[in-house]
Amino acid sequence: MFRTRVLPALLGAAIVMTALTLLIAAAGKPLGESFQIILQGATGYPRTDAYGPADAWDAVLHDMTLLLLTGLAVAVALQAGLFNIGAAGQLLVGALAAAWAGALQGVPSGVHLPAALLAGAAAGALWAFIPVWLKVRRGAHEVISTIMFNYIALYLTHWLVTERLKDPAGDAPQTAVIAEAARLPLLREDFLQASWGLGIAVLIALGLWLTLYRTVWGYETRATGANRDAADAAGVPTARRMIEAMLVSGALAGLAGAIEVCGTQYRFFEGFPGEYGFDGIAVALLAGNHPALALLSAWLMSALRSGAYHLHAETGAPKEIAVVVQAVLILYVAAVYLRKRRVEG
Amino acid sequence: MSDIFDGQLFGAAIRQATPLILAALGGLMSERVGVINIGLEGKILMGAFAAALGALLTGSPLIGLACAILVGLTLALLHAVATQEWRTDHIVSGVAINLLALGLSTYLFRQIIVPREEAGETSVVNMFPPMSLGGLENLPILNALFKDQSWLTLFALALPFILLGLLTRTRWGLRVYAVGNDSIKARTMGVPVKRMRYLGVLWSGVFASMAGAFLVLAATGQFRENMSAGRGFIALAALIFGRWHPLGAAGAALGFGFFEALQMRLQGQPVFGMQLPTDLLLMLPYLLTVIALMGLLGKMKPPSDLGN
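The sections below set out a description of the structure shown in this document. All figures in this text were calculated on a predicted structure; none of them were measured in a lab.

### Here we look at the overall build of chain A
Here's step 1: When you go through chain A residue by residue, the secondary structure sums to 13 helices and zero strands.
Here's step 2: Sequence-ordered secondary structure for chain A, helices as α and strands as β, is α-α-α-α-α-α-α-α-α-α-α-α-α.
Here's step 3: For a compact globule of 345 residues, the expected C-alpha radius of gyration is about 20 Å, and chain A comes in at 21 Å, within 12% of that figure.
Here's step 4: When its C-alpha atoms are laid out on the principal axes, chain A stretches across 65 × 60 × 35 Å.
Here's step 5: Residues counted as buried form 56% of the 345 residues belonging to chain A.

Have a look at this one:
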């Protein structure tokens, strides 16, 4: 237990702290003070007049909502043995679809919000379908096709938001503001970003946990990911399970985009932050693809991010410190926990 | 129409294609020995930064290029060690390397180059001078295509033929084929599989970072945040579209470079009285690759031991 679980975790924490220390020191910032500022950005303590827990948790919970959903998206696909690098593109098309549906006139106000969220999820699922179909039918590597679909999504949404779905009321490349009825309420009145989308994300995480570990479907999906040939031989319809898992994956990434639109931005715009989709990879890997642990890793990544951004705001240290630390963490986790089992040496 | 499709356009296409050819052939060196390499993007970006820094500090583009190659080799070594020694999933390692390169290059740029700019110093480096064609300047086609190109472009155009020769005509090439298609059989036949893989991945670092160096030392003259702008992934698309063949990959890269040049030319310029959406042109390489993956353009067959 100690050697296989505790020691690697401690070593990982030590490596992350070392990387952080090096990056802060190389930026020429005082260490003690910087760590205090990072802590403040992540938790709100020690509080000051300008920045308190409400500011910190607003930022952290907002990021956590998106990272949890994209992390779950990557995790559920990986459980079925598929690497969904395309969460970024699925998030973008989901966000644009939600912004379009949310701005529609004449939708009954009671169903406008669910309709917008569903439109986002459906668009994300659709965007994930072709890559998995190519994988199952043609054997094309899903990593390659999801990367291609990321860029297709990037240019397609850019074209749509500048040419076809642009808000006619202004010159800016953005869609019209969505209806009041299509908005998710914020978690607290003094928050600016974090919405009840977090509640949706947490419920989905718990639901996925049960589905993957307590149902036949989940068992068959995990069996497909663990060893497709063995699962095939045992009579599992592996192609179907892969397609279903990827549709769920795309829907979750699309929902992340929809929640960002309905809960925070209220519109789609040029340069919409799709990179949350890539950060989902780190969240999933760190959680070992477990939906419940993803809650923890999504919070951790959001806190790190919020801390680094706060450090940037306060001292001018590059906020990319968070990106570098995240990369180091991915490599470490992959090297220690995710070694490939190989028969040959 | 004729004012769009002139010699200048094709010259620009070759210029746009140069980093794509280099990076795609880098990817080929790695994937032909069975190591998936989606870290090309990161190697281009770090290569560009190292080239800018080296050339800025010494004033010599050649030293800039050497710095780029050194940094590309370092990142490639990380990928090789991660996949071969730590047995990390190739995709995960590639994702981490891309993130690392994006984070580090931006971090270092803000720490080193931005303060210089703010102090009023230039961040524009000495570039490789364009080649002169000498007496060949009178040949209209050659002049249109190769006027003001860098020697790196000529190198990129020659490289696929060199690689084709090496891959099909040498002992090393046969070994690459063996390792990439059945590493276990190759090992029993006495081929040093691990060494072959290390070499392949390291060469990918050299070529991909040269692509980054080209962006700074021959194209723009200075580093900008995330200036690789997805070229590593277009190169990956070219590699697949070209079916892991040196000439195919380079040809696809040239085609994709042509789309980029055409897109730049068409910005704000109507064709047949219509405004062509440039986003759709930029999307074409990716779309074509998906179509190729669908098998509509014949069978796609990657090296069969890829990713193990």
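### Quick word on the packing of helix 3 (residues 61-84) of chain B against helix 9 (residues 193-220) of chain B
Residues and elements named next belong to chain B.
Here's step 1: Between helix 3 and helix 9, the shortest axis-to-axis distance is 7 Å and the interhelical angle comes to 145°. Handedness of the helix 3/helix 9 crossing: right-handed.
Here's step 2: A class-by-class count of the residues in the contact of helix 3 with helix 9 yields 18 nonpolar, eight polar and two charged.

### Let's talk about the nonpolar core
Here's step 1: Formed by 222 residues in total, the largest nonpolar core has its most connected members in I330 of chain A together with A24, A238 and A253 of chain B.
Here's step 2: Beyond its immediate stretch of four places on either side in the chain, A238 of chain B contacts L20, A24, A249, A252, A253 and F256 of chain B.

### Structural notes on the packing of helix 2 (residues 40-58) of chain B against helix 10 (residues 231-241) of chain B
Residues and elements named next belong to chain B.
Here's step 1: Look at helix 2 against helix 10: their axes get within 7 Å of each other, and the N-to-C directions meet at 135°. Here helix 2 is positioned oblique relative to helix 10, judged by the angle of their axes. Remark: the crossing between helix 2 and helix 10 carries right-handed chirality. Contacts between helix 2 and helix 10 involve L40, E41 and I44 on the former and, on the latter, R231, G232, F233, A235 and L236.
Here's step 2: Of the residues in the contact of helix 2 with helix 10, the class split is five nonpolar, one polar and two charged.

### Observations concerning the interface of chain A and chain B
The figure often quoted for interface size is the accessible area lost as the parts come together.
Here's step 1: Facing the 37 residues of chain A at the interface are 38 residues of chain B.
Here's step 2: Looking at the side of chain A that touches chain B, the elements with two or more residues in it are helix 1 (2-26), helix 5 (109-138), helix 6 (142-164), helix 11 (276-286) and helix 13 (321-337) of chain A.
Here's step 3: Ranked by residues supplied to the side of chain A that touches chain B, first place goes to helix 6 of chain A with 12 residues.
Here's step 4: Counted by class, the side of chain A that touches chain B contains 27 nonpolar, three polar and seven charged residues.

The rules behind each value
- Residues numbered from 1 in each chain as written.
- Chains lettered and ligands numbered in written order.
- Predicted model: local features only at pLDDT ≥ 70, side-chain atom pairs only at ≥ 80, totals over all residues.
- Helix = DSSP H or I, 4+ residues; strand = E, 2+ residues; numbered from the N terminus.
- Rg over C-alpha atoms; globule rule 2.2 N^0.38 Å.
- Buried ≥ 20, exposed ≤ 12 C-beta atoms within 10 Å, placed from the backbone.
- Axes fitted to C-alpha atoms, helices over the stretch in contact; angles between N-to-C directions.
- Left-handed = near helix turned anticlockwise from the far one by under 90°.
- Nonpolar A, V, L, I, M, F, W, Y, C, P; charged D, E, K, R; others polar.
- Core = buried A, V, L, I, M, F, W, Y, C linked by C-beta atoms within 7 Å.
- Contact = placed C-beta atoms within 7 Å.
- Parallel < 35°, antiparallel > 145°, perpendicular 65-115°, else oblique.

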